[in-house]
Amino acid sequence: MEWKVLGPRCYGIPLRRTSRRSRPSFCTWTELGHGTFIRGLETTATYDPETEEFVLHSPTLTSYKWWAGGLGKTANHCVVLAQMSTKGKCYGIHPFIVQIRDLETHMPLPGIKVGELGPRMGYNTADNGFLAFDHHRIPRQHMLMKNAQVEKDGTYVKAARHEKLTYGTMVFVRVTLVHDAAFNLAKAVTIAVRYSAVRRQSQPKPDEPEPQILDYPTQQHKLFIHIATSHALVLTGEWLWRTFTAVLADMKKGNVNNLPELHALSSCLKAVSTSDSALGIEECRYACGGHGYMMSSNLPSIYSYVVATRIYEGDYTVLLLQTARFLVKAWEQAQAGKQLTPTVAYFSQALKNGKETWDGSAESIIKSFQRIAAGKVSACVNNIKEHIKSGMSYEDAWLKTTVQLVAAAEAHCRTLICSVYWEEVTRLTASSSPNVKIVMTQLSMIYLVYWALRMTGDLLRYTSISEKDLDDLQRKYEELLTLIRPNAVGLVDAFDIRDEILRSSLGSYDGRVYERLVEETTRTPLNAEPVNQSFHTYLKPLMQGKL
């Protein structure tokens with residue numbers, strides 16, 4: 001499997017280098033008081049036709065630009081999103097290229113307040129910063145005018161381009177984060193599985209050696225799902241990338257019909273993939289016991305990196321609600337008998353049939369997930385209608401239903417991942433060796449069964465599954481754990497993540513776990529000398545005094 005780095009991370013996207021002495025430029029839009037709600041940004045850019053300049057200003061404390069990577073102490077230039085006004089009228093958010101520091105002295109320019117945010121849970125080398133303006137002036141030409149222009153006299157001219165084209169960059173970053181989530185989860189599960197193959201614990205049977213903890217079903221339950229999830233996310237990420245490039249090609253031709261679906265897909269997949277990855281990495285750390293708590297395991301660092309992705313480039317809940325808006329519209333279109341886009345085509349089938357028939361196959365599980373998602377979306381639509389009938393406005397009815405809407409969007413996303421994962425494994429293994437096909441099928445099947453067991457209440461509500469079927473499903477899951485066990489180490493080795501990338505005392509390829517843990521103790525400054533001077537200065541006098 002090939003792991004790709006498709007593009008830059010958010011909150012510090014390098015734009016260009018102007019010279020050797022000029023540091024890279026960065027894009028900054030998030031403010032202290034606003035993130036996802038772009039229209040609510042407060043920084044202003046007011047055009048002055050007399051000087052042909054824009055006046056940038058931060059009118060409130062909450063209008064400070066916040067979080068941009070590289071901004072704190074590094075960047076000399078940045079792209080700033082601000083509410084643009086000309087001739088007394090505000091035309092909304094527009095981007096501006098702004099020099100913030102002197103190229104020789106690196107000092108902030110007049111009217112610029114900039115600095116570093118301070119310690120964070122992770123990303124402490126990212127130089128995340130803040131930025132505020134006090135009537136700082138920039139030339140008119142520093143407005144980025146591809147999609148809109150302000151002429152010298154202040155006349156506003158909008159380019160003949162569809163306003164939704166500006167969504168492209170935002171969607172692109174979310175697409176890359178799905179790959180990022182898969183890669184980091186693969187790192188964590190590689191460390192945990194390799195450690196579990198070395199670590200031995202307890203003695204269940206007298207006169208037999210301690211078994212590897214990877215032989216315990218509970219450990220397999222903790223870890224094998226994350227091997228499968230890594231595969232599921234990378235394959236779904238590749239599928240999403242192909243979808244993105246196809247829609248992008250259509251957009252360049254002026255066709256934006258598929259953009260709402262792409263936006264819904266990228267939103268929910270970004271939300272679910274980063275959430276699954278963060279939770280999976282933490283479970284991998286738990287699976288390594290006390291040694292996983294050591295920084296040298298690298299699991300805390302991987303977790304602190306990934307947990308941030310759940311909230312940036314769109315918060316988990318906000319993104320799922322954006323997907324939910326698309327789903328509600330799609331359900332209403334299905335009820336009206338209109339043709340639906342591919343990823344929600346199952347709505348039409350759900351309206352025609354009753355509960356999905358259950359036979360325990362992969363196809364049956366996926367169809368059952370589709371029925372669950374359709375049922376939850378239907379319940380949301382009905383709930384909104386009932387609230388409106390009671391006298392609520394649509395906005396209030398929507399707000400009242402948001403808990404259900406988030407659950408419906410997550411169910412749709414889970415359905416999508418399961419469907420794409422199974423279809424891609426089937427397609428990719430069609431011409432592979434029989435053994436590879438067997439193992440990949442087992443891995444994708446355990447993903448489906450795992451989530452089916454997590455959704456038993458929904459299955460009982462929306463499908464014809466019985467209690468006996470659930471018992472069979474549990475047995476099938478336990479059988480899959482046993483079948484995957486012999487190949488577990490080989491599966492994580494197949495990720496082909498070098499030790500230099502893992503940087504883990506627990507997960508190196510050579511299995512020297514205990515040797516590396518001891519070696520790490522020689523690197524801590526506290527062990528540089530047998531007795532630190534602080535003992536004689538502070539502790540010894542206290543101890544002698546008490547004695």
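Higher on the page you've got the structure.
Residues numbered from 1 in each chain as written. Predicted model: local features only at pLDDT ≥ 70, side-chain atom pairs only at ≥ 80, totals over all residues. Heavy atoms only, no water.

A. Representation of the pattern of salt bridges within the structure. Scanning the entire structure with this criterion turns up 20 salt bridges. One salt bridge connects Asp 493 with Arg 194, and the closest N-O pair in it is separated by 2.8 Å. You can see Asp 493 sitting in helix α13 (residues 488–493) and its partner Arg 194 sitting in helix α1 (residues 167–198), a full 299 residues away along the chain. Judged by relative accessible area, which is 25%, Asp 493 ranks as partly exposed. Between Arg 516 and Asp 510 there is a salt bridge, and its shortest N-O distance comes to 2.6 Å. (Salt bridge = Lys/Arg side-chain N within 4 Å of Asp/Glu carboxyl O. Helix = DSSP H or I, 4+ residues; strand = E, 2+ residues; numbered from the N terminus. Buried < 20%, exposed > 50% of the residue type's maximum accessible area, 1.4 Å probe, protein only.)

B. Geometry of the packing of helix α5 (residues 316–335) against helix α7 (residues 362–389). The interhelical angle for the contact between α5 and α7, taken along N-to-C directions, is 90°, at an axis separation of 10 Å. Accordingly, the angle class assigned to the pair α5 and α7 is roughly perpendicular. Listed contacts from α7 to Leu 327, Val 328, Trp 331 and Gln 335 of α5 are Ala 374, Val 377, Ser 378, Val 381 and Lys 385. In the contact of α5 with α7, the residues fall into six nonpolar, two polar and one charged. (Axes fitted to C-alpha atoms, helices over the stretch in contact; angles between N-to-C directions. Parallel < 35°, antiparallel > 145°, perpendicular 65-115°, else oblique. Contact = heavy atoms within 4.5 Å. Nonpolar A, V, L, I, M, F, W, Y, C, P; charged D, E, K, R; others polar.)

C. Layout of the sheet that holds strand β8 (residues 129–133). Strands sit in the order β4-β8-β7 across an open sheet of three strands; the sheet is antiparallel. Strands with a single pairing partner mark the edges of an open sheet, and in this sheet they are β4 (65–68) and β7 (112–116). Shown here is a sheet whose adjacent strand axes are inclined to one another by a mean of 20°, direction ignored. Strand direction decides the pairing type here: β4 and β8, joined by three bridges, are antiparallel. Along β8, the bridge assignment pairs Lys 65 with Leu 131. (Pairing = 2+ DSSP bridges.)

D. Local environment of the nonpolar core. If you look at the biggest cluster of nonpolar residues, it comprises 125 residues, and the most contacted ones within it are Phe 224, Ile 227, Leu 269, Phe 347, Ile 365 and Tyr 447. Ranked by the residues each element gives to this core, the list is headed by α1, at 17 residues. Within the second largest apolar cluster, 23 residues are counted, among which are Ala 45, Ala 68, Val 114 and Val 150. (Core = buried A, V, L, I, M, F, W, Y, C linked by side-chain atoms within 4.5 Å.)

E. Expanded view of the side chain of Ser 297. Its place among the elements puts Ser 297 in the loop between α3 (259–287) and α4 (299–309). Among the residues examined, Ser 297 registers a relative accessible area of 0% and is labelled buried. There is a polar contact of 3.1 Å between the side chain of Ser 297 and the backbone oxygen of Gly 292. For Ser 297, the residues in contact, after removing those within four places along its chain, are Ile 191, His 291, Gly 292, Ser 504, Ser 505 and Leu 506. (Polar contact = N/O pair within 3.5 Å; in protein donor to acceptor, adjacent residues only side chain to side chain.)

F. The packing of aromatic side chains, seen in detail. Counted according to the given criterion, the structure contains 16 aromatic pairs. By way of ring pairs, the aromatic residues Tyr 47, Phe 54 and Phe 96 are connected into one cluster. Lying over the aromatic face of Trp 451, Arg 414 brings its terminal NZ or CZ to 3.6 Å of the ring centre. (Phe/Tyr/Trp six-rings, centres within 6.5 Å; stacked < 30°, edge-to-face > 60°. Lys NZ or Arg CZ within 6 Å of the ring centre and 35° of its normal.)

G. Representation of the pairing of strand β3 (residues 53–57). With four of five residues buried, β3 lies mostly within the body of the structure. Summarising the sheet, strand β2 (residues 44–48) and β3 pair through five bridges and their orientation is antiparallel. Within β3, the position partnered with Asp 48 by the bridge is Glu 53. What sits between the antiparallel neighbours β2 and β3 is a turn of four residues, in which Glu 52 has the positive phi angle 55°. Across four bridges, β3 lies against strand β9 (residues 136–139) in antiparallel orientation. Bridging across to β9, Phe 54 finds its partner in Ile 138.

H. Just the packing of α7 against helix α10 (residues 434–454), in detail. Relative to each other, α7 and α10 sit at 45°, their axes nearing to 10 Å. In this view, α7 runs oblique relative to α10, as classed from their interaxial angle. In this structure, the crossing between α7 and α10 has a hand that is left-handed. Here Ala 362, Ile 365, Ile 366 and Phe 369 of α7 come into contact with α10, specifically with Met 445, Leu 448, Val 449, Trp 451 and Ala 452. Considering only residue class, the contact of α7 with α10 consists of nine nonpolar, no polar and no charged. (Left-handed = near helix turned anticlockwise from the far one by under 90°.)

I. Focus on unusual backbone geometry. One non-glycine residue, His 135, lies in positive phi territory at about 50°. The phi angle at Arg 503 is positive, at roughly 50°, despite the residue not being glycine. Mapped onto the fold, Arg 503 is located in the loop between α14 (499–502) and α15 (513–521).

J. Broad picture of the environment of Lys 376. Inspection of the secondary structure assignment puts Lys 376 in helix α7. Using a relative accessible area of 17% as the deciding quantity, one classes Lys 376 as buried. Distance in space between the C-alpha atoms of Lys 376 and Ala 409 is 8.6 Å, their sequence separation being 33 residues.

K. Here's a closer look at the environment of Met 455. When you line up the elements, Met 455 lands in the loop between α10 and α11 (456–462). Residue classification places Met 455 among the buried positions, given a relative accessible area of 12%. On a C-alpha basis, the gap between Met 455 and Phe 369 in space is 8.9 Å, while along the polypeptide they are 86 residues apart. Not counting chain neighbours up to four residues away, the residues in contact with Met 455 comprise Phe 369 and Ile 372.

L. Quick look at the state of the cysteines. Inspection of every chain in the model, using the stated rule, returns zero disulfides. Take Cys 288: it sits in no disulfide, and the sulfur closest to it among the cysteines is that of Cys 284, at 7.2 Å. Unpaired in this structure, Cys 413 has its nearest cysteine sulfur neighbour in Cys 268, at a distance of 3.5 Å. A relative accessible area of 0% means that Cys 413 is categorised as buried. (Disulfide = S-S within 2.5 Å.)

M. Representation of a nonpolar patch on the surface. On the surface, a nonpolar cluster with roughly 450 Å² of combined accessible area is contributed by Tyr 538, Leu 539, Leu 542 and Met 543. One can find Leu 539 in helix α16 (residues 533–546). For Leu 539, a relative accessible area of 46% corresponds to the partly exposed category. (Patch = residues over 30% accessible without salt bridge, like charges linked within 9 Å, V, L, I, M, F, W, Y side chains within 5 Å. Areas by Shrake-Rupley, 256 points an atom, 1.4 Å probe, with all protein chains shown as cover.)

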